[in-house]
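Architecture and fold: a report
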Protein chains: 2
Amino acid sequence: MTSQTKAADAPGTRDRVVRAASLLMQRQGYAGTGIKQIAQEARATLGSVYHFFPGGKQELAVAAIQHGDREFAEALSEALGAHDDPAEALTALCRTLADGLSASDWADGCPVTTTALGTAGRAPDIQAAAAEAFARWRELVEQKLRASGIGAHDARDLAHTVISTLEGAELAAQVSRSERPLTAAAHHLGRLLSLYR
Amino acid sequence: MTSQTKAADAPGTRDRVVRAASLLMQRQGYAGTGIKQIAQEARATLGSVYHFFPGGKQELAVAAIQHGDREFAEALSEALGAHDDPAEALTALCRTLADGLSASDWADGCPVTTTALGTAGRAPDIQAAAAEAFARWRELVEQKLRASGIGAHDARDLAHTVISTLEGAELAAQVSRSERPLTAAAHHLGRLLSLYR
């Protein structure tokens, strides 16, 4: 076993590489992020990065999006699980998103969006991973809305708008360096949901 | 006058360069777009690009965002002007956005967002231009909501959510290659606004 494969097999290396890719692509876009920089940020050798991701940057981008997908799904599940009322859950989630953005000086938004947008129409794997992320988030919202008494058709439709609005408000907050879009989104999603229960 | 400055002074060159920068940065992100490619796409010499944009790519990105800002402000104004009811105007606008996305095979979304997100926290000029765009769009919505009888405070707050939701739905539509997020957004924004009139 060479020292290179040892490094590649060490527990946590793959994880560190994916986290670094996710963070860097979110801040710099897909094209602005090189594999060398990812390796450096993850304290991994270039060899170990290619060991885990023989498909190179495109494969890494898919893994980065899947990581962002899981992270947001966890935050969403946690908020939805902690509150019986979906409107209260969304308010708590918007608070968490606003705190995270503000703590990173408005630099760390949604890793799925930035990576996917910078490759629109040119990387079907990346697009598919981003589409799956959005679908998973909608599914979590839809289940919660149904559990709160909203009918199946309305719940599915509303889940689209809840995710679009959260995503757009996070983006507007980041661009405007202000939490106001997220505060407004929480308030208005609550009003909207009240029409269906 | 050299042939280079002649080309630079020809009417329309600056415009073509800005349009090319806007299109390419929207599709490939800021980092993924080079000045040479912009010049090529705009059928301009590299010299004429630097003649108009001595600040290089960052200055071009600001101009590209301002171009995207104006384009969306025009589409928004047109929709808001064509319908007395703001909800109907937003439905028409979502229809236009869905048609545009679908006609470009889901490749051409919001040029402001992609350019701004890929440079988050590292390019204050670009961030400021994107923040101005969002503020202008909100202002147009706010005026329309006030004209339709919604109070000043509510109109300002709702304008945040209308723009966030449109932006998020366009992005979700692009990522999911489906117009459903835009159809849902139009419907739900209409329901939301009906609570305030």
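Keep in mind the model is a prediction, meaning the values are calculated, not measured. Sequence order as written defines residue numbering, which begins from 1 separately in each chain. As they are written, the chains are lettered A onward and the ligands numbered 1 onward, keeping that order. This being a predicted model, a pLDDT of at least 70 is required before a residue's local features are given, and a value of 80 or more before pairs of side-chain atoms are given or counted; all residues contribute to the totals for chains, interfaces and linings. Values reported for side chains reflect all heavy atoms of the structure, with hydrogen atoms and water molecules removed beforehand.

In this section: the relation of the copies chain B and chain A. Under the fitted operation, chain B is carried onto chain A by 0.0 Å of movement along the axis and a turn of 180°, and the coordinates agree to an RMSD of 0.0 Å. Both copies of the chain, as the preceding transformation shows, are related through a two-fold rotation axis. Contacts are residue-level and defined by heavy atoms, with any inter-residue pair within 4.5 Å sufficient. Most of the interface of chain B is mirrored in chain A: 100% of its interface residues are interface residues there too. Least squares is the method for superposing the copies, and the C-alpha atoms it fits come from residues with pLDDT of at least 70 in both.

Contact residues are listed per partner, giving 46 residues for chain B and 46 residues for chain A. Taking both sides of the interface into account, the surface hidden between chain B and chain A amounts to around 4000 Å²; carbon and sulfur atoms contribute 62%. A per-residue breakdown of the area chain B buries against chain A is headed by L117, V175 and H188 of chain B, which together make up 16% of the total. In what follows, salt bridge is the name for a side-chain nitrogen of Lys or Arg lying within 4 Å of a carboxyl oxygen of Asp or Glu. The salt bridge partner of R180 of chain B is D157 of chain A, with a shortest N-O separation of 3.1 Å. Definition of a polar contact: a pair of N or O atoms within 3.5 Å, with one able to donate and the other able to accept a hydrogen when the atoms are protein atoms, and with sequence-neighbouring residues admitted only if both atoms are side-chain atoms. Where chain B meets chain A, there are eleven residue pairs in polar contact (both at pLDDT 80 or more). Elements supplying a minimum of two residues to the side of chain B that touches chain A: helix 2 (13–28), helix 7 (111–117), helix 8 (124–147), helix 9 (152–176) and helix 10 (180–194) of chain B. When two parts are put together, the accessible area they lose, computed with a 1.4 Å probe and summed over both, is reported as buried area. The numbering of helices and of strands both runs from the N terminus, where a helix is a DSSP run of H or I of at least 4 residues and a strand a run of E of at least 2.

Let us now look at the nonpolar core. Judged by nonpolar contacts, the single largest core of 130 residues is most densely connected at W137 and L166 of chain A together with W137 and L166 of chain B. In contact with W137 of chain B, not counting residues within four places along its chain, are G68, D69, F72, A73, L76, C110, V112, I163 and E167 of chain B. Residue types Ala, Val, Leu, Ile, Met, Phe, Trp, Tyr and Cys, when buried and joined through side-chain atoms within 4.5 Å, form a set referred to as a nonpolar core. Accessible area is worked out with a 1.4 Å probe on protein chains only. A residue is then buried under 20% of its type maximum, exposed over 50%, and partly exposed in between.

A few words on helix 9 (residues 152–176) of chain A. How far a helix is expected to stretch is found by multiplying one less than its residue total by 1.5 Å. Across its 25 residues, helix 9 of chain A extends 36 Å between first and last C-alpha, which sits within 8% of the 36 Å expected from 1.5 Å per residue. A positive backbone phi angle near 50° is found at R177 of chain A, which sits one or two residues after helix 9 of chain A.

To continue, consider the environment of A87 of chain B. Mapping A87 of chain B onto the fold places it in helix 6 (residues 86–103). Ignoring sequence-local partners within four residues, the contact set of A87 of chain B consists of G190 and L193 of chain B.

So, on to the environment of V62 of chain B. As for its position among the elements, V62 of chain B is in helix 5 (residues 56–82). We classify V62 of chain B as buried; its relative accessible area is 15%.

For the rest of this paragraph, the subject is the packing of aromatic side chains. The way to describe two aromatic rings as a pair is by their centre distance and the angle between their planes. Pairing of aromatic rings covers Phe, Tyr and Trp, the last counted by its six-membered ring, and requires centre-to-centre distances within 6.5 Å; plane angles under 30 degrees mean stacked, over 60 mean edge-to-face, and any other angle means tilted. Per the stated rule, a full pass over the model turns up four aromatic pairs over all chains. The interplanar angle of 70° and the centroid separation of 4.7 Å between the aromatic rings of F72 of chain A and W137 of chain A together place this pair among those described as edge-to-face. Placement of the pair is F72 of chain A in helix 5 (residues 56–82) and W137 of chain A in helix 8 (residues 124–147), with a sequence separation of 65 residues. By the burial criterion, F72 of chain A is buried, and W137 of chain A matches it. Taken together, the aromatic side chains of F72, F134 and W137 of chain A make up a single cluster linked through ring pairs. In our convention, an over-ring charge means Lys NZ or Arg CZ found within 6 Å of a ring centre and within 35 degrees of that ring's normal. The aromatic ring of Y196 of chain B is capped on one face by R191 of chain A, whose charged end is 5.0 Å from the ring centroid. The ring of Y30 of chain B has K57 of chain B lying over it, and the distance from NZ or CZ to the ring centre is 4.6 Å.

For the rest of this paragraph, the subject is the pattern of salt bridges. Applying the stated rule across the entire model yields 18 salt bridges over all chains. For the salt bridge of R27 of chain B with D108 of chain B, the shortest nitrogen-to-oxygen distance reads 2.5 Å. Taken together, the residues span a long stretch of sequence, with R27 of chain B in helix 2 and D108 of chain B in the loop between helix 6 and helix 7 at a distance of 81 residues. Note on R27 of chain B: relative accessible area 29%, which makes it partly exposed. Several salt bridges share partner residues, and in doing so they unite R95, D99 and E179 of chain A into one network.

With that settled, the discussion passes to the side chain of R138 of chain B. By the secondary structure assignment, R138 of chain B is in helix 8. Only four residue types enter the tally: Lys and Arg on the positive side, Asp and Glu on the negative side; His and the chain ends are excluded. One buried charged residue, R138 of chain B, remains without a salt bridge, the closest side chain of opposite sign being E142 of chain B at 6.6 Å. The residues touching R138 of chain B, leaving out its near neighbours within four places in the chain, are S176 of chain A together with A159, H160 and I163 of chain B.

With that settled, the discussion passes to helix 8 of chain A. For helix 8 of chain A, with 24 residues, the first-to-last C-alpha span of 34 Å sits near the 34 Å given by 1.5 Å per residue. Those residues of helix 8 of chain A that fall on the buried side of the exposure criterion are I126, A129, A130, A133, F134, W137, R138, V141, E142, K144 and L145 of chain A. Residues of helix 8 of chain A that are buried in the fold lie against helix 5, helix 6 (86–103), helix 7 (111–117), helix 9 and helix 10 (180–194) of chain A together with helix 9 of chain B. Where helix 8 of chain A ends, the next residue or the one after it, G149 of chain A, has phi of about 105°, a positive value.

Note that T96 of chain B resides in helix 6. Distance from T96 of chain B to H188 of chain B, taken between C-alpha atoms, is 17 Å for residues 92 residues apart in sequence.

Of note in this structure, D105 of chain A is not a glycine but carries a positive phi near 55°. Tracing the sequence through the fold places D105 of chain A in the loop between helix 6 and helix 7. You can call D105 of chain A partly exposed: its relative accessible area is 46%. In the Ramachandran plot, R43 of chain B falls in the positive-phi region, its phi being about 50° despite a non-glycine side chain. With respect to the helices, strands and loops of the structure, R43 of chain B is situated in the loop between helix 3 (35–41) and helix 4 (46–52).

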